[in-house]
Amino acid sequence: SDRSVDLEGNTPVIFSVFEPDGGNTDLTVPTNAGRARIRIRGSSSSGLDKKNFDLELWKGETDTDRKVPLLGMPEDADWIMHAPSYYDDALIRNALGYALSNDVGRYAPRTKFFEAFLTQGTGPTTTADYIGVYAMVEEIEQGSDRVDVAKLDADDTREPEVTGGYVFKRDRTGSGDTEIWAGRAGGAFSFAAAIIPVDPDSADLERQQLTYLSNELDSMGWALAATDGVDVDTGRHFRDIIDVDSFIDLHILNVLFKNPDAFRLSGYYHKDREGLINAGPMWDLDRTAGSRDWRAQDPTHWDATNITTDTTPVFLYGWYGGLFDHAEFRTAYFARWAELLQGPLAIEAIEAHIDAMELELAEAGPRNNTRWGAAAFDSEVDHVRQWMRTRHDWISTCIATVPDPRTCAGAFAE
């Protein structure tokens, strides 16, 4: 691309992929190459020196989607080039969280680490164009290999077609986004950000579809706010509106990482045709697990509400506040913690992922951190490992010894 382009808008590029064949990668013959477009993405992260990019692969000389398998992941045209940096000098926090989510049985985007060069202009690619370690990440969207819900078309405006599929999120509003302020149950629940349609996005949703989704969220809110868990207008219990187990698993995963933005920002949901509202996929963990975001540094306490209001009170915030008011939910929630801590979220399972990622990045990680003036890669990874050990032990002890684990605070040795 031309050197005058700042990449903040959609920028046509030649995108080439070079993959190893039994050893180090030979940067001479690409295994995949073609036109594409990139643009800088992210809210707060867009201000960092190392940029995240939205990537769309194109066919030939057109801007038509080119769906190909990328770095061993199922074929698609839409990808995220995630740039771990600043908050995540270990480079692995998102990839680790997404891997654990998939281990638990909840789809999260697949990831693959790679090193990137960005050459602007017509000259050769040199080491000066090196921009470090990135993770190629599946974009959260409808698809059989991604969020597996029915495809919602413009003419799907009556039941049962209008009931799905939807992918939506609670997040800051972008240009052209439609804000859905639903599910507040007359003020019982308040939120820092609106619900935003993702796939289909705001521009592609018909009025009847927006109305349907808003009504479902409203019914969910009223049910969660009710003492008996039933929305009086529809007669439905919240179990008949949401997939409770998905809400439990997403909560557990975010709390394990002590995500300070959990459920307030970058929070995804989806709903299949004639299906329940599901929480997830998991997303955006760069500020977690002992990062330099001070709200996530202490591996004890459930959240950081003891020191700041600029975080998520995990047992009280929004719809989760309604869920935790119900004894049956609390019982199921802590039983699921106990199960997962001995299974896919056992400390040995977590450390196995950390060890594998550290080994994969043994050469590239230090190279990236030198490029960006970051802390030593191996010490940063070990910090995540040690933080997770302490966090895991604290949560396990709390759940095993305290009648209402929500009351646990601080280190048990105190």
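The rules behind the values
Residues numbered from 1 in each chain as written. Predicted model: local features only at pLDDT ≥ 70, side-chain atom pairs only at ≥ 80, totals over all residues. Heavy atoms only, no water. Pairing = 2+ DSSP bridges. Helix = DSSP H or I, 4+ residues; strand = E, 2+ residues; numbered from the N terminus. Axes fitted to C-alpha atoms, helices over the stretch in contact; angles between N-to-C directions. Contact = heavy atoms within 4.5 Å. Disulfide = S-S within 2.5 Å. Parallel < 35°, antiparallel > 145°, perpendicular 65-115°, else oblique. Nonpolar A, V, L, I, M, F, W, Y, C, P; charged D, E, K, R; others polar. Buried < 20%, exposed > 50% of the residue type's maximum accessible area, 1.4 Å probe, protein only. Salt bridge = Lys/Arg side-chain N within 4 Å of Asp/Glu carboxyl O.

**Q** Please explain the sheet that holds strand β13 (residues 267-271) as it appears in this structure.
**A** Working definition: the strands of a sheet are paired by backbone hydrogen bonds and lie parallel or antiparallel to each other. Here four strands make up an open sheet; going across it, the order is β10-β9-β13-β14 and the pairing antiparallel. Two strands in the sheet have a free side with no partner beyond their single neighbour: β10 (194-199) and β14 (277-279). The average angle at which neighbouring strand axes cross in this sheet is 30 degrees, direction not considered. Bridge count between strand β9 (residues 166-171) and β13: five bridges; the pairing is antiparallel. When the bridges of β13 are listed, Lys 169 appears paired with Tyr 268. The sheet contacts of helix α2 (residues 207-225) involve β9, β10, β13 and β14, and relative to β9 the element is tilted by about 60 degrees.

**Q** Even after reading the chapter, I still don't get the state of the cysteines, so can you show me in this structure?
**A** Disulfides are covalent bonds that link the sulfur atoms of two cysteine residues. Tallying each qualifying case throughout the model produces one disulfide. Cys 398 shares a disulfide with Cys 408; S-S distance 2.1 Å. For the disulfide bridge between Cys 398 and Cys 408, the dihedral angle about the S-S bond is near 95 degrees, and by the sign convention the bridge is right-handed. Taken together, the residues span a long stretch of sequence, with Cys 398 in helix α8 (residues 377-401) and Cys 408 in the segment after α8 at a distance of 10 residues.

**Q** Looking at this structure, I do not really get the packing of helix α6 (residues 347-360) against α8. What am I missing?
**A** Pairs of packed helices are described in terms of their axes, by the angle between the two and the distance that separates them. At their nearest, the axes of α6 and α8 sit 10 Å apart, and the two run at 175 degrees to each other. Here α8 runs roughly antiparallel to α6, going by the angle between their axes. Between α6 and α8, the contacting residues are Ile 347, Ile 350, Glu 351, Ile 354, Asp 355 and Glu 358 on the first element and Phe 377, Asp 378, Val 381, Val 384, Arg 385, Met 388, Arg 389 and His 392 on the second. Here the residues of the contact of α6 with α8 are counted per class, giving seven nonpolar, one polar and six charged.

**Q** How should the sheet that holds strand β1 (residues 11-17) be read in this particular structure?
**A** If you trace the six strands from one edge of the open sheet to the other, you get β1-β2-β3-β6-β8-β7, paired in antiparallel fashion. Of all strands in the sheet, those bounded by a partner on one side alone are β1 and β7 (111-117). Direction aside, neighbouring strands of the sheet carry axes that sit 35 degrees apart on average. Pairing geometry for β7 and strand β8 (residues 130-138), over seven bridges, is antiparallel. From the neighbouring strand, Phe 114 faces β8, where its bridge partner is Tyr 134.

**Q** When you look at the pairing of β8 in this model, what are you seeing that I'm missing?
**A** The side chains of a regular strand alternate between the sheet's two faces. Within β8, nine of the nine residues are buried, which leaves it mostly tucked inside the rest of the structure. The pairing of strand β6 (residues 78-82) with β8 spans four bridges and is antiparallel. Residue pairing in the sheet places Trp 79 in a bridge with Glu 138 of β8.

**Q** Before we go on, may I ask you to explain unusual backbone geometry in this structure?
**A** Comment: phi is negative for the bulk of residues other than glycine, and the bulk of peptide bonds are trans. Glu 159 connects to Pro 160 through a cis peptide bond whose omega is 5 degrees. Mapped onto the secondary structure, Pro 160 falls in the loop between β8 and β9. Unlike most non-glycine residues, Tyr 86 shows phi in positive territory, near 55 degrees. Mapped onto the secondary structure, Tyr 86 falls in the loop between β6 and α1 (93-104). Of note in this structure, Ala 185 is not a glycine but carries a positive phi near 50 degrees. Looking at the secondary structure, you find Ala 185 in the loop between β9 and β10.

**Q** Whenever I open this one, the pattern of salt bridges confuses me. Can you help?
**A** Opposite charge on two side chains permits them to pair, given that their charged atoms come into close proximity. This structure, assessed with the given rule, holds 29 salt bridges. Salt-bridge contacts for Arg 292 lead to Asp 89; the nearest nitrogen and oxygen are separated by 3.2 Å. Taken together, the positions of Arg 292 in the loop between β14 and α4 (318-324) and Asp 89 in the loop between β6 and α1 put the pair 203 residues apart, joining distant regions of the chain. Given the relative accessible area of 42%, Arg 292 is considered partly exposed. Asp 89 sits in the buried class, given a relative accessible area of 5%.

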